[in-house]
Amino acid sequence: MARACARHILVKTREEAEKLKQRLEKGEDFAVLAKKYSECPSKKRGGDLGEFGPGQMVKAFDDVVFKKPLLTIHGPVKTRFGFHLIQTLYRN
């Protein structure tokens, strides 16, 4: 079964996610921004969600992690939790 490792930043609004994405694109550190702004408990680990398989996350999140290019910041991706910026570190 496929496995992937990803990190994310979860915020309440699309606007906040867009602003953070612009900062990331300018070279700011993902982990630093995650620790400061993310609403997810994973913020303590710089947004790192560790390794997981398909179906362990909500569908919109899985679609990015298991189908989109690696090491790219994707989003904002809307789920019932809010808006995510997602970076897949690896998958196999």
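Residues numbered from 1 in each chain as written. Predicted model: local features only at pLDDT ≥ 70, side-chain atom pairs only at ≥ 80, totals over all residues. Heavy atoms only, no water.

Draft legend 1. Fine view of the pattern of salt bridges. Enumeration over the complete set of coordinates arrives at five salt bridges. Glu 39 serves as the salt-bridge partner of Lys 12, at 3.9 Å between the closest nitrogen and oxygen. Of the two residues, Lys 12 is situated in the loop between β1 (4–11) and α1 (14–25) and Glu 39 in the loop between α2 (30–37) and β2 (48–52); the sequence distance between them amounts to 27 residues. In this structure Lys 12 comes out as exposed when scored by relative accessible area, which is 60%. In the salt-bridge network here, residues are joined through shared partners; they are Lys 59, Asp 63 and Lys 67. (Salt bridge = Lys/Arg side-chain N within 4 Å of Asp/Glu carboxyl O. Helix = DSSP H or I, 4+ residues; strand = E, 2+ residues; numbered from the N terminus. Buried < 20%, exposed > 50% of the residue type's maximum accessible area, 1.4 Å probe, protein only.)

Draft legend 2. Main features of the UniProt feature "domain: PpiC" (unreviewed entry) in the protein. Under the UniProt annotation, "domain: PpiC" (unreviewed entry) lies at residues 1–90. Overall, residues 1–90 shows 32% helix and 32% strand. The separation of its end C-alpha atoms is 14 Å. (UniProt positions renumbered as here; feature names shortened; annotations may be inferred.)

Draft legend 3. Layout of unusual backbone geometry. For the bond running from Gly 75 to Pro 76, omega is 5°, close enough to zero to count as cis. Positionally, Pro 76 belongs in strand β3 (residues 73–79). Residue Leu 71 is not a glycine yet carries a positive backbone phi of 60°. By the element assignment, Leu 71 lies in the loop between α3 (59–67) and β3.

Draft legend 4. The arrangement of the packing of aromatic side chains in detail. Summed over all chains, the structure comprises two aromatic pairs. Summarising the aromatic geometry, the rings of Phe 52 and Phe 61 are spaced 6.5 Å apart at their centres and angled 55° between planes, so their arrangement reads as tilted. For the pair shown, Phe 52 and Phe 61 are each scored as buried. Geometrically, the ring pair formed by Phe 52 and Phe 66 is edge-to-face, given 6.1 Å between the ring centres and 85° between the ring planes. (Phe/Tyr/Trp six-rings, centres within 6.5 Å; stacked < 30°, edge-to-face > 60°.)

Draft legend 5. Region of the structure containing the sheet that holds strand β4 (residues 82–91). In space, the four strands of this open sheet follow the order β2-β1-β4-β3, with antiparallel pairing throughout. The open sheet is flanked by β2 and β3, the only strands paired with a single partner. Pairs of neighbouring strands in the sheet enclose a mean axial angle of 35°, with direction left out of account. Relative to β2, β1 is paired through three bridges, and the arrangement is antiparallel. Considered in β2, the bridge of Arg 7 is made with Asp 48. Those strands touched by α2 are β1, β3 and β4, and its axis lies near 45° from that of β1. Lying over the sheet, α3 contacts β1, β2, β3 and β4, oriented at roughly 30° with respect to β4. (Pairing = 2+ DSSP bridges. Axes fitted to C-alpha atoms, helices over the stretch in contact; angles between N-to-C directions. Contact = heavy atoms within 4.5 Å.)

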